[in-house]
Amino acid sequence: MHDDAPLDPFAGDPDDPAASLGDPGEDTAPLSVTEREDVLADLADLEVFRALLEPLGVRGLTVDCGDCGKPHYIDWDLLHGNLRHLLDEGLPRVHEPALAPDPVDYVSWEYARGYVDGVIDSEEGHDD
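Being a predicted model, the structure only gives us computed values, none of them experimental.

Q: What is the right way to read the pairing of strand E2 (residues 71–75) from this model?
A: Strand residues, when the strand is regular, have side chains that alternate between the two faces of the sheet. Where strand E1 (residues 60–64) and E2 come together, 5 bridges link them in antiparallel fashion. Paired with Gly 60 across the two strands is Asp 75, which belongs to E2. What sits between E1 and E2 in their antiparallel hairpin is a turn of 6 residues, with Gly 69 showing a positive phi close to 75°.

Written out as C-alpha cells, the structure reads:
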C-alpha cells in the first residue's frame, strides 16, 4: 500500500518532540461497518464531484474544521488521500490549511451535491 502522507521529519530521532504522545493508532478502534460504508460513499461522491466540477475550474472542496473553526480549502487529490487514510487507518490525518488558497476555486460539499443533483435532474429531463 502506498502512503502519500508527508514524511515525518523526526522519524528515528530519539529526541522526537512527539514521542511522549505515543503511537497515534494505539487507542483507535477500527471503523464500524456503518462508518466504513459512509467513507466509501464519500469517496464515490468525491469522484463524481471531481468529474463534474474540475473541468469547470473547481480545485476542490471547502470543509469547515471542527478543530480550529476555520474553513479548510482542500484539493481533490488531498481529499481523496484523506478519505483513503481514514478508511485504511481508522483515523483522520493531521492537516494543515492550504497556503493562501483562493476561496473562489473551492465549493462546499453541499454545493457539490446540489450541482450533481442538478446535472442528474437535467439529464433525466432530456430523456423524455
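Q: I would appreciate a short explanation of the sheet that holds strand E3 (residues 106–108) in the present structure.
A: Hydrogen bonding along the main chain pairs the strands of a sheet, whether they run parallel or antiparallel. Ordered by their spatial adjacency, 3 strands build an open sheet running E2-E1-E3, and the pairing between neighbours is mixed. In this open sheet, the two strands that pair with only one neighbour each are E2 and E3. Sheet twist, expressed as the average angle between the axes of neighbouring strands with direction ignored, equals 40°.

Q: Can you help me understand helix H2 (residues 76–89) in this one?
A: Because an α-helix completes one turn every 3.6 residues, residues spaced three or four positions apart along the sequence face the same direction. Taking 1.5 Å as the rise per residue, H2 with 14 residues should run 20 Å; its terminal C-alpha atoms sit 20 Å apart, in good agreement. The complete set of buried residues in H2 reads Trp 76, Leu 79, Gly 81, Leu 83, His 85 and Leu 87. Against the buried residues of H2 lie helix H1 (33–53), E1 and E2. Directly beyond the C-terminal end of H2, a positive phi value near 85° is found at Gly 90.

Q: How should the packing of aromatic side chains be read in this particular structure?
A: Any pair of aromatic rings gets described here by the distance separating the centres and the angle formed by the planes. On inspection of all chains with the given rule, the structure shows 3 aromatic pairs. Each ring, one from Phe 49 and one from Trp 109, has its centre 5.0 Å from the other, and the planes form 80°; the classification is edge-to-face. Taken together, the positions of Phe 49 in helix H1 and Trp 109 in helix H3 (residues 109–126) put the pair 60 residues apart, joining distant regions of the chain. On the accessibility criterion, Trp 109 (24% relative accessible area) is partly exposed.

Thresholds applied
- Going along each chain's sequence as written, the residues are numbered from 1 onward.
- Only residues with pLDDT of at least 70 are given local features in this predicted model, and only at 80 or more are side-chain atom pairs given and counted; all residues enter the totals for whole chains, interfaces and linings.
- The side-chain quantities take in all heavy atoms of the structure and omit both hydrogens and water.
- Strands pair, by our definition, only if DSSP identifies at least two bridges between them.
- Per the convention used, a helix needs a DSSP run of H or I reaching at least four residues, while a strand needs a run of E reaching at least two, with both numbered from the N terminus.
- As a rule, the C-alpha atoms of each element are fitted with a line to give its axis, helices using only the stretch in contact, and angles between N-to-C directions run from 0 to 180 degrees.
- Expected span of a helix: the number of residues minus one, times 1.5 Å.
- Each residue's exposure class comes from its accessible area (1.4 Å probe, protein chains only) as a fraction of the maximum for that residue type: buried when under 20%, exposed when over 50%, partly exposed otherwise.
- It only takes one pair of heavy atoms within 4.5 Å for two residues to be counted as in contact.
- Side-chain rings of Phe, Tyr and Trp (the six-membered ring for Trp) are treated as a pair once their centres are within 6.5 Å; stacked means planes under 30 degrees apart, edge-to-face means over 60, and tilted covers the remaining angles.

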